[in-house]
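Here are the chains, one letter per residue:
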Amino acid sequence: MKRIVFSLPFWGPVGALLFVVVYFIPASPLAETPLPGIEKAISRQEAVRAALEFVAAREPGFSEKSASVEIAHETAEHLAGYLAKNGLEREYAERYAESRPVEFYKVDVRAPGVRYYVYVNLFRPEVIGWRKQSAGTVSGTPDVGAIAARFLKNIGVDPDRLERVDLPDGTIRFVDPAAAVGEARLAYRIFVQGGEVTGYRTGFEPPESHVAWQTRQKIYAAVVSILYLLLFVAVVIAAWSVALADRKHARFSSGAVWTLLFAVLFIVLDRNGRPASLAAAGEEFRTATNDAFIFVSAIGFAVVSVAGLYGCFVAGERLCRRLGWNVWPQTKSEDFGRQIVRHLKDGYSLALFMLGLQALLLWIAWTRFGAWGINDPNTSILNQIWPEWFPLTGWMAAIQEEAVFRLFGIPACFYVLRNRLAAVLATSLLWSLGHVTYPVYPVYTRIWEVTALGVVLGLVFLRRGWLTVLFAHAIFNLVMISLMLMAVKQNAAGVAIALAYVASPAAIALVMTAWHRLLRKRTPAAPAPAADG
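Residues numbered from 1 in each chain as written. Predicted model: local features only at pLDDT ≥ 70, side-chain atom pairs only at ≥ 80, totals over all residues. Heavy atoms only, no water.

Thoughts on the overall build of the protein chain
Part 1 of the argument: Secondary structure assignment for the protein chain yields 16 helices and ten strands.
Part 2 of the argument: Overall, the C-alpha framework of the protein chain stretches about 110 × 50 × 45 Å when taken along its three principal axes.
Part 3 of the argument: Summarising the internal contacts of the protein chain: among those between residues at least 6 apart in sequence, 73% fall at separations of at least 24.
Part 4 of the argument: Total accessible area computed for the protein chain in this model is approximately 26100 Å², and 62% of it derives from carbon and sulfur atoms.
Part 5 of the argument: Here the protein chain contributes 52 positive and 42 negative side-chain charges, whose respective centroids are spaced 12 Å apart. (Helix = DSSP H or I, 4+ residues; strand = E, 2+ residues; numbered from the N terminus. Contact = heavy atoms within 4.5 Å. Areas by Shrake-Rupley, 256 points an atom, 1.4 Å probe, with all protein chains shown as cover. Lys, Arg positive; Asp, Glu negative; His and termini not counted. Charge placed at Lys NZ, Arg CZ, Asp CG, Glu CD.)

Below is the structure:
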């Protein structure tokens, strides 16, 4: 029985079965949402074309040749949250999802003297809203209500049957009392500045009580995220303190290749995910100052992340060696290649088990505790310039998190707590705090879910070593992100790329064993001892 409990080859298929049942059986709440998803999205090229034609129709002097364009995928997060929380997604899908989509493209069009945000239906190339940057002024006090009403009439909407609300920021909001899903009402927002309409948005708006609740949840998540970043910096400082204090015995070559790989991935993926910053800007037009701040912040975060990762490798290896924990194969070992293969096999088995465990935990959260989630533009594959590169995020996250929280975190906490299980629990809880900004509600849902996964990784780290949990974490991420990739690239190429990513740990294991064989060939054998004479 004990052999079964600790047998990763046994638990791997069990996890795979759970994953399939929870995510692909139609009766499961985590199966495909009734709302149309990214697999039905039009291409970004189609959305850009619709936006450019719209701006050209409104601005007679506009030239596409002089225009620069950025595009992002956005979600109406409060509406999506309200529908998910109250079980209204199917009703909305049947009545309004195509004409009033919850998800859409946002196209930033810039040209000399012209700046627009154009919102395009995610599922067909039609403009569903827009904002124009305007510095126009007009003498006197224009009747903004009349201007807004006239605009609605021009687009075929009768303002007389709508309820008008003048908002403090000057926006005119018209509500259609006849169109409702639950307590969400269809609204038209008209932005007027300088005597002209400078924007139009329409869609269902949830009640203020839900907006306030979801906003509070995001504030809680932001506070926890700041706490996590402060603790992360403290971990980095502690790692470098250990490495420098014991520098005579520390191996500063430890993790150098992994750190370099992480740095390259960070630079590439940060550039690849630039559209997410456009989505995060909301209705406000980004300025050069905003872009500069984002650029400087990214550089600062990259420096801290890379330096911190390297310090955790050096300090973690030293602490584990001091404790007598054999956490990775030694290159001097003759069976180095066999050890790498064992770590790889265990990694695939553990990844399958974790996929099933997470699916089970989320199923319990959804069905027993009323948890729910929405799509996150910050991690949307549609917000990647090159979607085919997005699965590399799986490797980047695995390298950093397994070095910080397992390789360094567990032995460091063990020195303080003097108990392995307590060390695993402490590092798993800290790791979970970095996941609360994902749009899963209530925000504490991901804390206990990720903590449970961290405990599994921590226990396996102590028993099987660091490479096993690195491979497992990477495979886990690669499977989840590759499924998203196949959703947007529904062809043989998409499947092939996804499978290549899932197989990439095996390729890395092959490179490691080949490098070891080459190294041993180049290392001269030690001379035989001289005979006693």
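Topic: the environment of Ala279
Part 1 of the argument: Following the sequence through the fold, Ala279 ends up in helix α9 (residues 275-280).
Part 2 of the argument: Of the residues examined, Ala279 reaches a relative accessible area of 11% and is grouped as buried.
Part 3 of the argument: In the structure, Ala279 is positioned 204 residues away from Thr75 in sequence and 8.7 Å away in space, judged by C-alpha atoms.
Part 4 of the argument: Sequence-distant contacts of Ala279, that is, excluding residues within four places in its chain, are made with Ala72, His73, Glu74, Lys106, Pro377 and Asn383. (Buried < 20%, exposed > 50% of the residue type's maximum accessible area, 1.4 Å probe, protein only.)

Regarding the packing of helix α14 (residues 445-464) against helix α15 (residues 466-488)
Part 1 of the argument: Between α14 and α15, whose axes approach to 7 Å, the crossing angle comes to 145°. Every residue of α15 that contacts α14 at Leu453, Leu457, Val460, Phe461 and Arg464 is listed here: Trp466, Thr468, Val469, His473 and Phe476.
Part 2 of the argument: Tallied by class, the residues present in the contact of α14 with α15 amount to seven nonpolar, two polar and one charged. (Axes fitted to C-alpha atoms, helices over the stretch in contact; angles between N-to-C directions. Nonpolar A, V, L, I, M, F, W, Y, C, P; charged D, E, K, R; others polar.)

Quick look at the pairing of strand β4 (residues 127-132)
Two faces belong to every sheet, and in a regular strand the side chains alternate between them.
Part 1 of the argument: With five of six residues buried, β4 lies mostly within the body of the structure.
Part 2 of the argument: Pairing geometry for strand β3 (residues 114-121) and β4, over five bridges, is antiparallel. Its bridge partner lying in β4, Tyr117 is registered against Arg131.
Part 3 of the argument: Connecting β3 to the next strand, β4, in antiparallel fashion are five residues. (Pairing = 2+ DSSP bridges.)

Observations regarding the pattern of salt bridges
Part 1 of the argument: One pass over the full model with this rule turns up 28 salt bridges.
Part 2 of the argument: Between Arg115 and Asp108 there is a salt bridge; the shortest N-O distance is 2.8 Å. Across this residue pair, the class does not change: Arg115 and Asp108 are buried.
Part 3 of the argument: Three or more residues are tied together by salt bridges with common partners; here these are Glu70, Arg274, Arg286 and Asp291. (Salt bridge = Lys/Arg side-chain N within 4 Å of Asp/Glu carboxyl O.)

Some points on the environment of Ile399
Part 1 of the argument: Here Ile399 shows up in helix α12 (residues 392-417).
Part 2 of the argument: Sequence spacing of Ile399 and Tyr119 is 280 residues, and the spatial spacing of their C-alpha atoms is 37 Å.
Part 3 of the argument: Look past the residues within four positions of Ile399 in its chain and what remains in contact with it is Trp258, Leu261, Phe262, Leu309, Phe313, Trp466 and Leu470.

Considering the sheet that holds strand β5 (residues 163-166)
Part 1 of the argument: The strand order across the open sheet built from eight strands is β1-β2-β3-β4-β8-β7-β6-β5, with neighbouring strands paired in antiparallel fashion. The open sheet is flanked by β1 (68-75) and β5, the only strands paired with a single partner. Pairs of neighbouring strands in the sheet enclose a mean axial angle of 25°, with direction left out of account.
Part 2 of the argument: Pairing of strand β7 (residues 184-193) with strand β8 (residues 196-205) involves nine bridges; the strand directions are antiparallel. Bridging across to β8, Ala187 finds its partner in Gly203.
Part 3 of the argument: On top of the sheet, helix α3 (residues 44-58) reaches β1, β2 (103-111), β3, β4 and β8; it is set at about 130° to β3, its chief contact.

With respect to the packing of helix α4 (residues 77-85) against helix α7 (residues 208-245)
Part 1 of the argument: For the pair α4 and α7, the least separation of the axes is 10 Å and the interaxial angle reads 105°. In terms of orientation, α4 and α7 fall into the roughly perpendicular class. The residues of α7 that touch α4, namely those facing Glu77, His78, Gly81, Tyr82 and Lys85, are His210, Val211, Trp213, Gln214, Thr215 and Lys218.
Part 2 of the argument: Looking at the contact of α4 with α7 residue by residue, the classes come out as three nonpolar, five polar and three charged. (Parallel < 35°, antiparallel > 145°, perpendicular 65-115°, else oblique.)

Some points on a nonpolar patch on the surface
Part 1 of the argument: On the surface, Phe295, Val296, Ile299 and Val303 cluster together into a nonpolar patch covering about 400 Å² of accessible area.
Part 2 of the argument: Its location among the elements puts Val303 in helix α10 (residues 288-323).
Part 3 of the argument: Residue classification places Val303 among the exposed positions, given a relative accessible area of 53%. (Patch = residues over 30% accessible without salt bridge, like charges linked within 9 Å, V, L, I, M, F, W, Y side chains within 5 Å.)

Describing α15
At 3.6 residues per turn, the α-helix brings residues three or four places apart onto the same side.
Part 1 of the argument: Its 23 residues give α15 an end-to-end C-alpha distance of 33 Å, which sits within 8% of 33 Å, the value for a rise of 1.5 Å per residue.
Part 2 of the argument: Where burial is concerned, most of α15 is hidden: 18 out of the 23 residues are buried. (Expected span 1.5 Å × (residues − 1).)

Considering the packing of aromatic side chains
Two measures describe an aromatic ring pair: the distance that separates the ring centres and the angle between the ring planes.
Part 1 of the argument: Tallied over the full model, the rule gives 28 aromatic pairs.
Part 2 of the argument: These aromatic residues form a ring-pair network of at least three members: Phe54, Tyr116, Trp130, Phe151 and Tyr200.
Part 3 of the argument: Looking at Lys85, its charged tip hangs above the ring of Trp213, at a distance of 3.7 Å from the centre.
Part 4 of the argument: Between the NZ or CZ atom of Arg201 and the centre of the ring of Tyr119, over which it lies, the distance is 3.7 Å. (Phe/Tyr/Trp six-rings, centres within 6.5 Å; stacked < 30°, edge-to-face > 60°. Lys NZ or Arg CZ within 6 Å of the ring centre and 35° of its normal.)

Let's talk about the nonpolar core
Part 1 of the argument: Trp258, Phe313, Leu350, Trp395, Phe461 and Trp466 are the most contacted members of the largest nonpolar core, which has 77 residues in total.
Part 2 of the argument: With twelve residues, helix α11 (residues 336-368) is the largest single contributor of residues to this core.
Part 3 of the argument: Leaving out residues up to four positions away in the same chain, Leu350 has contacts with Leu8, Val456, Leu457, Val460, Thr468, Val469 and Ala472.
Part 4 of the argument: Within the second largest apolar cluster, 64 residues are counted, among which are Leu79, Ala80, Trp130 and Phe204. (Core = buried A, V, L, I, M, F, W, Y, C linked by side-chain atoms within 4.5 Å.)

A look at unusual backbone geometry
Part 1 of the argument: Pro442 follows Tyr441 through a cis peptide bond whose omega is -10°.
Part 2 of the argument: Within the secondary structure layout, Pro442 lies in the loop between β10 (440-441) and α14.
Part 3 of the argument: Located in the positive-phi region is Arg418, a residue other than glycine, with phi close to 60°.
Part 4 of the argument: Tracing the backbone shows Arg418 in the loop between α12 and α13 (420-433).

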